[in-house]
Amino acid sequence: MSKSRKVIITCAVTGAIHTPSMSPHLPVTPAEIADAAIGAAEAGAAIIHLHARDPKDGRPTQDPAVFQEFLPRIKTSTSAVINITTGGSPHMTVQERLRPAHHFQPELASLNMGSMNFGLYPMLERTKEFKHQWEIDHLTNSRDLVFKNTFADVEYILTSCGANGTRFEFECYDISHLYNLAHFVDRKLATPPFFVQSVFGLLGGIGGHPEDLMHMKRTADRLFGADFVWSILGAGRNQIPLATMGAAQGSNVRVGLEDSLWIGPGRLAESNADQVRKIRMVLEGLSLEIATPDEARQMLALKGASEVKF
Ligand code: KMH
Ligand code: ZN
(Lines give C-alpha, C1' and ligand atoms only; values in the text may rest on other atoms or scores of the structure.)
(Ligands and ions follow the chains in the order given, each with its own letter.)
Protein backbone atom coordinates (compact mmCIF):
# COMPACT_ATOMS: atom_id res chain seq x y z
CA MET A 1 0.00 0.00 0.00
CA SER A 2 1.44 3.40 -0.92
CA LYS A 3 1.86 6.22 1.62
CA SER A 4 -1.45 7.79 2.65
CA ARG A 5 -2.48 11.24 1.51
CA LYS A 6 -2.87 14.19 3.91
CA VAL A 7 -6.30 15.79 4.01
CA ILE A 8 -6.94 19.38 5.10
CA ILE A 9 -9.99 19.77 7.32
CA THR A 10 -11.47 23.26 7.27
CA CYS A 11 -13.99 24.10 9.96
CA ALA A 12 -16.34 27.05 9.42
CA VAL A 13 -17.57 27.78 12.91
CA THR A 14 -20.45 30.24 12.50
CA GLY A 15 -21.43 32.22 9.36
CA ALA A 16 -24.39 33.98 7.82
CA ILE A 17 -26.67 31.15 6.74
CA HIS A 18 -28.05 30.06 10.09
CA THR A 19 -29.53 32.26 12.78
CA PRO A 20 -29.29 31.85 16.57
CA SER A 21 -32.82 30.49 16.96
CA MET A 22 -32.01 27.52 14.74
CA SER A 23 -29.54 25.94 17.16
CA PRO A 24 -28.54 26.72 20.74
CA HIS A 25 -25.07 25.45 19.79
CA LEU A 26 -24.36 28.07 17.11
CA PRO A 27 -21.51 30.29 18.39
CA VAL A 28 -22.59 33.92 18.63
CA THR A 29 -20.50 35.93 21.10
CA PRO A 30 -16.76 36.48 20.58
CA ALA A 31 -16.03 34.14 23.51
CA GLU A 32 -18.25 31.42 21.99
CA ILE A 33 -16.65 31.86 18.56
CA ALA A 34 -13.14 31.63 20.06
CA ASP A 35 -14.04 28.54 22.12
CA ALA A 36 -15.62 26.88 19.07
CA ALA A 37 -12.60 27.65 16.89
CA ILE A 38 -10.11 26.38 19.47
CA GLY A 39 -12.17 23.21 20.00
CA ALA A 40 -12.31 22.58 16.26
CA ALA A 41 -8.56 23.09 15.88
CA GLU A 42 -7.86 20.74 18.78
CA ALA A 43 -10.10 18.15 17.13
CA GLY A 44 -8.02 18.30 13.94
CA ALA A 45 -9.11 21.24 11.77
CA ALA A 46 -6.07 22.81 10.09
CA ILE A 47 -8.05 25.80 8.82
CA ILE A 48 -10.66 27.81 10.71
CA HIS A 49 -13.02 29.90 8.57
CA LEU A 50 -14.43 32.82 10.53
CA HIS A 51 -17.36 35.20 10.46
CA ALA A 52 -18.41 37.48 13.32
CA ARG A 53 -21.79 38.16 14.87
CA ASP A 54 -23.14 41.08 16.82
CA PRO A 55 -23.02 39.77 20.40
CA LYS A 56 -26.34 41.51 21.21
CA ASP A 57 -28.55 39.56 18.82
CA GLY A 58 -26.35 37.28 16.69
CA ARG A 59 -26.76 39.31 13.51
CA PRO A 60 -23.82 38.92 11.06
CA THR A 61 -21.34 41.79 11.33
CA GLN A 62 -18.10 42.62 9.52
CA ASP A 63 -17.01 45.15 12.13
CA PRO A 64 -13.26 44.60 12.67
CA ALA A 65 -13.72 45.52 16.35
CA VAL A 66 -15.78 42.37 16.85
CA PHE A 67 -13.23 40.19 15.01
CA GLN A 68 -10.54 41.75 17.21
CA GLU A 69 -12.27 40.22 20.22
CA PHE A 70 -11.63 36.65 19.08
CA LEU A 71 -8.83 36.57 16.47
CA PRO A 72 -5.86 37.11 18.85
CA ARG A 73 -7.18 34.52 21.30
CA ILE A 74 -7.54 31.90 18.55
CA LYS A 75 -4.10 32.74 17.22
CA THR A 76 -2.38 32.37 20.58
CA SER A 77 -4.25 29.16 21.48
CA THR A 78 -3.84 27.25 18.20
CA SER A 79 -1.55 27.07 15.20
CA ALA A 80 -4.53 26.78 12.82
CA VAL A 81 -4.64 28.80 9.62
CA ILE A 82 -7.20 31.55 10.03
CA ASN A 83 -9.42 32.19 7.04
CA ILE A 84 -11.54 35.35 7.22
CA THR A 85 -14.75 35.66 5.25
CA THR A 86 -15.09 38.19 2.44
CA GLY A 87 -18.63 36.92 1.86
CA GLY A 88 -19.88 38.32 5.17
CA SER A 89 -23.59 38.19 4.62
CA PRO A 90 -25.15 38.29 1.14
CA HIS A 91 -27.21 41.24 2.40
CA MET A 92 -24.06 43.41 2.78
CA THR A 93 -22.20 45.52 0.22
CA VAL A 94 -18.84 44.27 -1.02
CA GLN A 95 -17.05 47.18 0.70
CA GLU A 96 -18.59 46.20 4.02
CA ARG A 97 -17.78 42.55 3.46
CA LEU A 98 -14.09 43.32 2.93
CA ARG A 99 -13.48 45.31 6.12
CA PRO A 100 -12.00 42.53 8.28
CA ALA A 101 -9.87 40.96 5.53
CA HIS A 102 -8.34 44.35 4.68
CA HIS A 103 -7.79 45.18 8.34
CA PHE A 104 -6.29 41.89 9.55
CA GLN A 105 -4.54 40.71 6.36
CA PRO A 106 -5.05 36.99 7.08
CA GLU A 107 -3.19 34.12 5.44
CA LEU A 108 -6.40 33.01 3.76
CA ALA A 109 -9.76 34.61 2.92
CA SER A 110 -12.86 33.24 1.23
CA LEU A 111 -13.64 34.48 -2.28
CA ASN A 112 -17.07 33.81 -3.74
CA MET A 113 -16.65 33.20 -7.45
CA GLY A 114 -19.91 34.46 -8.94
CA SER A 115 -23.18 36.29 -8.39
CA MET A 116 -26.09 34.03 -7.56
CA ASN A 117 -29.47 33.64 -5.96
CA PHE A 118 -29.05 32.70 -2.30
CA GLY A 119 -32.29 31.18 -1.05
CA LEU A 120 -32.38 30.78 2.70
CA TYR A 121 -36.15 31.20 3.03
CA PRO A 122 -37.07 27.46 3.09
CA MET A 123 -35.43 27.40 6.55
CA LEU A 124 -38.28 29.61 7.84
CA GLU A 125 -40.47 26.51 7.94
CA ARG A 126 -37.99 24.46 9.96
CA THR A 127 -37.81 26.75 12.98
CA LYS A 128 -40.89 27.09 15.17
CA GLU A 129 -40.00 30.26 17.02
CA PHE A 130 -37.49 32.99 16.31
CA LYS A 131 -35.94 35.10 19.08
CA HIS A 132 -35.25 38.15 16.89
CA GLN A 133 -37.17 39.87 14.12
CA TRP A 134 -33.93 40.27 12.07
CA GLU A 135 -33.76 36.47 11.67
CA ILE A 136 -37.18 36.36 10.02
CA ASP A 137 -36.29 39.33 7.77
CA HIS A 138 -32.92 37.78 6.85
CA LEU A 139 -34.53 34.55 5.71
CA THR A 140 -37.63 36.09 4.11
CA ASN A 141 -35.66 38.70 2.15
CA SER A 142 -33.49 35.99 0.62
CA ARG A 143 -36.40 35.26 -1.78
CA ASP A 144 -35.42 38.42 -3.65
CA LEU A 145 -31.69 38.46 -2.99
CA VAL A 146 -28.74 38.34 -5.36
CA PHE A 147 -25.44 37.53 -3.66
CA LYS A 148 -23.37 39.98 -5.68
CA ASN A 149 -19.94 38.84 -6.82
CA THR A 150 -19.42 40.46 -10.21
CA PHE A 151 -16.19 40.24 -12.20
CA ALA A 152 -15.31 43.71 -10.89
CA ASP A 153 -15.94 42.59 -7.30
CA VAL A 154 -13.84 39.44 -7.65
CA GLU A 155 -11.03 41.41 -9.31
CA TYR A 156 -11.12 43.98 -6.52
CA ILE A 157 -10.95 41.29 -3.82
CA LEU A 158 -8.14 39.45 -5.63
CA THR A 159 -6.02 42.55 -6.05
CA SER A 160 -6.70 44.37 -2.77
CA CYS A 161 -6.36 41.34 -0.47
CA GLY A 162 -3.68 39.82 -2.71
CA ALA A 163 -1.54 42.93 -2.19
CA ASN A 164 -1.43 41.99 1.52
CA GLY A 165 -0.23 38.47 0.75
CA THR A 166 -3.64 36.98 1.52
CA ARG A 167 -4.46 33.90 -0.55
CA PHE A 168 -7.92 32.56 -1.27
CA GLU A 169 -10.39 29.80 -0.64
CA PHE A 170 -12.19 30.04 -4.01
CA GLU A 171 -15.81 29.20 -3.18
CA CYS A 172 -17.37 27.69 -6.30
CA TYR A 173 -21.11 27.08 -5.97
CA ASP A 174 -21.60 26.10 -9.58
CA ILE A 175 -19.73 24.99 -12.67
CA SER A 176 -19.67 28.55 -14.05
CA HIS A 177 -17.71 29.64 -10.98
CA LEU A 178 -14.88 27.32 -12.02
CA TYR A 179 -14.87 29.02 -15.42
CA ASN A 180 -14.84 32.41 -13.68
CA LEU A 181 -11.76 31.31 -11.76
CA ALA A 182 -10.16 30.08 -14.98
CA HIS A 183 -10.78 33.54 -16.45
CA PHE A 184 -8.83 35.18 -13.61
CA VAL A 185 -6.10 32.57 -13.97
CA ASP A 186 -5.82 33.45 -17.68
CA ARG A 187 -5.45 37.10 -16.68
CA LYS A 188 -2.74 36.08 -14.15
CA LEU A 189 -4.75 37.57 -11.29
CA ALA A 190 -4.84 34.22 -9.48
CA THR A 191 -1.74 32.11 -8.98
CA PRO A 192 -1.48 28.38 -8.25
CA PRO A 193 -2.04 26.37 -6.19
CA PHE A 194 -5.75 27.28 -6.33
CA PHE A 195 -7.68 26.20 -3.23
CA VAL A 196 -11.03 25.35 -4.82
CA GLN A 197 -13.85 24.91 -2.32
CA SER A 198 -16.70 23.21 -4.21
CA VAL A 199 -19.96 24.14 -2.50
CA PHE A 200 -22.95 21.82 -2.95
CA GLY A 201 -26.59 21.92 -1.96
CA LEU A 202 -27.37 25.60 -1.43
CA LEU A 203 -30.55 26.89 -3.05
CA GLY A 204 -29.23 28.96 -5.98
CA GLY A 205 -26.12 26.83 -6.55
CA ILE A 206 -25.41 23.31 -7.80
CA GLY A 207 -27.24 20.44 -6.07
CA GLY A 208 -25.88 17.79 -3.77
CA HIS A 209 -26.12 14.74 -6.05
CA PRO A 210 -23.01 12.58 -6.51
CA GLU A 211 -23.24 13.41 -10.24
CA ASP A 212 -22.92 17.10 -9.33
CA LEU A 213 -19.74 16.34 -7.42
CA MET A 214 -18.33 14.33 -10.31
CA HIS A 215 -19.14 17.10 -12.79
CA MET A 216 -17.34 19.64 -10.57
CA LYS A 217 -14.33 17.36 -10.28
CA ARG A 218 -14.12 16.60 -14.00
CA THR A 219 -14.43 20.29 -14.87
CA ALA A 220 -11.86 21.44 -12.30
CA ASP A 221 -9.46 18.69 -13.43
CA ARG A 222 -9.82 19.82 -17.03
CA LEU A 223 -9.45 23.55 -16.27
CA PHE A 224 -6.71 23.46 -13.64
CA GLY A 225 -4.93 20.11 -14.00
CA ALA A 226 -2.41 19.67 -11.20
CA ASP A 227 -2.67 23.32 -10.14
CA PHE A 228 -5.59 23.08 -7.74
CA VAL A 229 -6.15 21.77 -4.24
CA TRP A 230 -9.71 20.52 -4.13
CA SER A 231 -12.06 20.72 -1.16
CA ILE A 232 -15.69 19.78 -0.65
CA LEU A 233 -18.37 21.65 1.26
CA GLY A 234 -21.76 19.93 1.36
CA ALA A 235 -24.47 22.11 2.92
CA GLY A 236 -26.88 20.67 5.48
CA ARG A 237 -27.41 16.92 5.30
CA ASN A 238 -25.01 16.74 2.34
CA GLN A 239 -22.07 17.60 4.60
CA ILE A 240 -20.65 14.23 5.61
CA PRO A 241 -21.80 12.13 2.60
CA LEU A 242 -20.30 14.51 0.03
CA ALA A 243 -17.12 15.10 2.04
CA THR A 244 -16.71 11.32 2.21
CA MET A 245 -17.25 10.87 -1.53
CA GLY A 246 -14.83 13.69 -2.30
CA ALA A 247 -12.17 12.53 0.14
CA ALA A 248 -12.23 9.05 -1.40
CA GLN A 249 -11.37 10.74 -4.72
CA GLY A 250 -8.67 13.12 -3.58
CA SER A 251 -10.45 16.10 -2.06
CA ASN A 252 -9.98 17.95 1.19
CA VAL A 253 -13.06 18.65 3.30
CA ARG A 254 -14.92 21.46 5.00
CA VAL A 255 -17.30 21.00 7.92
CA GLY A 256 -18.65 23.31 10.62
CA LEU A 257 -21.88 24.80 11.90
CA GLU A 258 -21.72 27.57 9.28
CA ASP A 259 -22.80 25.07 6.64
CA SER A 260 -24.68 22.39 8.61
CA LEU A 261 -26.19 22.38 12.08
CA TRP A 262 -26.43 18.58 12.12
CA ILE A 263 -24.43 15.62 13.39
CA GLY A 264 -26.94 12.99 12.21
CA PRO A 265 -30.55 12.74 11.01
CA GLY A 266 -32.66 14.97 13.28
CA ARG A 267 -29.74 15.47 15.70
CA LEU A 268 -28.16 18.89 16.15
CA ALA A 269 -24.38 18.98 16.44
CA GLU A 270 -23.45 20.16 19.92
CA SER A 271 -20.23 21.73 18.72
CA ASN A 272 -18.08 22.38 15.70
CA ALA A 273 -15.53 19.99 17.15
CA ASP A 274 -18.12 17.18 17.00
CA GLN A 275 -18.35 17.58 13.22
CA VAL A 276 -14.56 17.70 12.91
CA ARG A 277 -14.27 14.47 14.92
CA LYS A 278 -16.95 12.84 12.78
CA ILE A 279 -15.28 13.59 9.45
CA ARG A 280 -11.92 12.73 10.96
CA MET A 281 -13.21 9.24 11.82
CA VAL A 282 -14.41 8.84 8.23
CA LEU A 283 -11.05 10.01 6.84
CA GLU A 284 -9.10 7.73 9.10
CA GLY A 285 -11.44 4.90 8.08
CA LEU A 286 -10.39 5.62 4.48
CA SER A 287 -6.73 5.34 5.59
CA LEU A 288 -6.20 9.05 4.99
CA GLU A 289 -4.08 11.23 7.26
CA ILE A 290 -5.08 14.60 8.66
CA ALA A 291 -2.95 17.55 7.55
CA THR A 292 -1.50 19.71 10.29
CA PRO A 293 -1.83 23.50 9.98
CA ASP A 294 1.78 23.76 8.79
CA GLU A 295 1.21 21.05 6.19
CA ALA A 296 -1.85 22.97 5.03
CA ARG A 297 0.28 26.14 4.80
CA GLN A 298 2.72 24.31 2.60
CA MET A 299 0.05 22.72 0.40
CA LEU A 300 -1.62 26.11 -0.15
CA ALA A 301 1.56 28.24 -0.32
CA LEU A 302 0.45 30.54 2.50
CA LYS A 303 2.56 33.38 3.87
CA GLY A 304 2.64 32.15 7.48
CA ALA A 305 0.98 33.10 10.75
CA SER A 306 3.65 35.67 11.62
CA GLU A 307 2.65 37.79 8.60
CA VAL A 308 -0.92 38.61 9.66
CA LYS A 309 -2.08 41.79 11.42
CA PHE A 310 -3.63 40.39 14.59
N1 KMH B 1 -21.26 29.17 3.97
C2 KMH B 1 -20.69 29.17 2.68
C3 KMH B 1 -21.50 28.34 1.76
C4 KMH B 1 -18.00 33.33 2.71
O5 KMH B 1 -17.79 33.29 3.91
O6 KMH B 1 -17.34 33.98 1.92
C7 KMH B 1 -20.54 30.55 2.21
C8 KMH B 1 -19.31 31.23 2.70
C9 KMH B 1 -19.15 32.57 2.13
O10 KMH B 1 -18.49 30.71 3.42
ZN1 ZN C 1 -18.27 31.81 5.31
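Quick summary incoming for the structure in this document. Given the structure is predicted, the values throughout are model-derived calculations rather than measurements.

## So, the pattern of salt bridges
For the structure shown, the criterion picks out 18 salt bridges. Between Glu289 and Lys6 there is a salt bridge whose closest N-O contact spans 3.4 Å. Placement of the pair is Glu289 in strand β16 (residues 289-290) and Lys6 in strand β1 (residues 6-7), with a sequence separation of 283 residues. Residue class for Lys6 comes out partly exposed when judged on its relative accessible area of 29%. With its nearest N and O atoms 3.9 Å apart, the salt bridge here joins Asp63 to Arg99. With Asp63 in the loop between β5 (60-61) and α2 (64-68) and Arg99 in helix α5 (residues 99-104), the pair connects residues that are 36 residues apart, well separated along the chain. Residue Asp63 is classed as partly exposed on the basis of its relative accessible area of 28%. Connected through shared salt-bridge partners, Glu169, Glu171, Arg254, Glu258 and Asp259 make up one network.

## A look at the sheet that holds strand β11 (residues 194-200)
Read around the closed barrel, eight strands run β2-β3-β6-β7-β10-β11-β12-β13, paired in parallel fashion. Here the strands of the sheet are splayed against their neighbours by 25 degrees on average, with no regard to which way each runs. By the bridge criterion, seven bridges tie β11 to strand β12 (residues 228-234) in an arrangement that is parallel. In the strand pairing of β12, Ser198 is matched with Ile232. Packing of helix α1 (residues 30-43) onto the sheet brings it into contact with β2 (9-12) and β3 (47-50), and relative to β3 it is tilted by some 155 degrees. Across the sheet, helix α7 (residues 151-162) is in contact with β7 (108-112) and β10 (167-172); its angle to β10 comes to roughly 160 degrees.

## Section: unusual backbone geometry
Cis geometry marks the peptide bond from Pro192 to Pro193, where omega comes out at -5 degrees. The topology assignment puts Pro193 in the loop between α8 (175-186) and β11. The phi torsion at Lys188 lies on the positive side, around 60 degrees, for a residue other than glycine. As for its placement among the helices and strands, Lys188 is situated in the loop between α8 and β11. For Lys188, a relative accessible area of 70% corresponds to the exposed category. Of note, the phi angle at Ser287 is positive, near 60 degrees, even though the residue is not glycine. According to the relative accessible area criterion, Ser287 is partly exposed, its value standing at 36%.

## Quick look at the site of ligand 1
Taken together, 14 residues form the shell around ligand 1, and within it Thr85, Ser110, Asn112, Glu258 and Asp259 come nearest. One nitrogen or oxygen atom from the main chain of Gly87 is found 3.1 Å from an oxygen atom belonging to ligand 1. In this structure, an oxygen atom belonging to ligand 1 sits 2.6 Å away from a side-chain N or O atom of Ser110. Protein contact buries 96% of the 300 Å² of open area that ligand 1 shows by itself. Split by residue class, the shell around ligand 1 holds four nonpolar, six polar and four charged.

## Some thoughts on the packing of aromatic side chains
Applying the stated criterion across every chain, the model contains nine aromatic pairs. Consider the rings of Phe151 and Phe184, whose centres lie 6.2 Å apart with planes at 40 degrees: the pair is tilted. Linking Phe151 in helix α7 with Phe184 in helix α8, this pair joins segments that are 33 residues apart in sequence. Assessed through its relative accessible area of 47%, Phe151 is described here as partly exposed. Exposure remark for Phe184: the relative accessible area of 1% places this residue in the buried category. Taking 5.9 Å as the distance between ring centres and 45 degrees as the angle between the ring planes, the aromatic pair formed by Phe168 and Phe170 counts as tilted. Of the residues examined, Phe168 reaches a relative accessible area of 8% and is grouped as buried. Cluster of aromatic residues (ring-pair linked, three or more members): Phe168, Phe170, Phe194, Phe224 and Phe228. For the cation-ring pair, Lys75 lies above Phe310, with the distance from its terminal atom to the ring centre recorded as 5.8 Å. Taking the ring centre of Tyr121 as reference, the NZ or CZ of Arg143 above it sits at 5.0 Å.

Conventions adopted
- Residues numbered from 1 in each chain as written.
- Chains lettered and ligands numbered in written order.
- Predicted model: local features only at pLDDT ≥ 70, side-chain atom pairs only at ≥ 80, totals over all residues.
- Heavy atoms only, no water.
- Salt bridge = Lys/Arg side-chain N within 4 Å of Asp/Glu carboxyl O.
- Helix = DSSP H or I, 4+ residues; strand = E, 2+ residues; numbered from the N terminus.
- Buried < 20%, exposed > 50% of the residue type's maximum accessible area, 1.4 Å probe, protein only.
- Pairing = 2+ DSSP bridges.
- Axes fitted to C-alpha atoms, helices over the stretch in contact; angles between N-to-C directions.
- Contact = heavy atoms within 4.5 Å.
- Near = heavy atom within 4 Å.
- Polar contact = N/O pair within 3.5 Å; in protein donor to acceptor, adjacent residues only side chain to side chain.
- Areas by Shrake-Rupley, 256 points an atom, 1.4 Å probe, with all protein chains shown as cover.
- Nonpolar A, V, L, I, M, F, W, Y, C, P; charged D, E, K, R; others polar.
- Phe/Tyr/Trp six-rings, centres within 6.5 Å; stacked < 30°, edge-to-face > 60°.
- Lys NZ or Arg CZ within 6 Å of the ring centre and 35° of its normal.

All we've got here are geometric facts, nothing functional implied.
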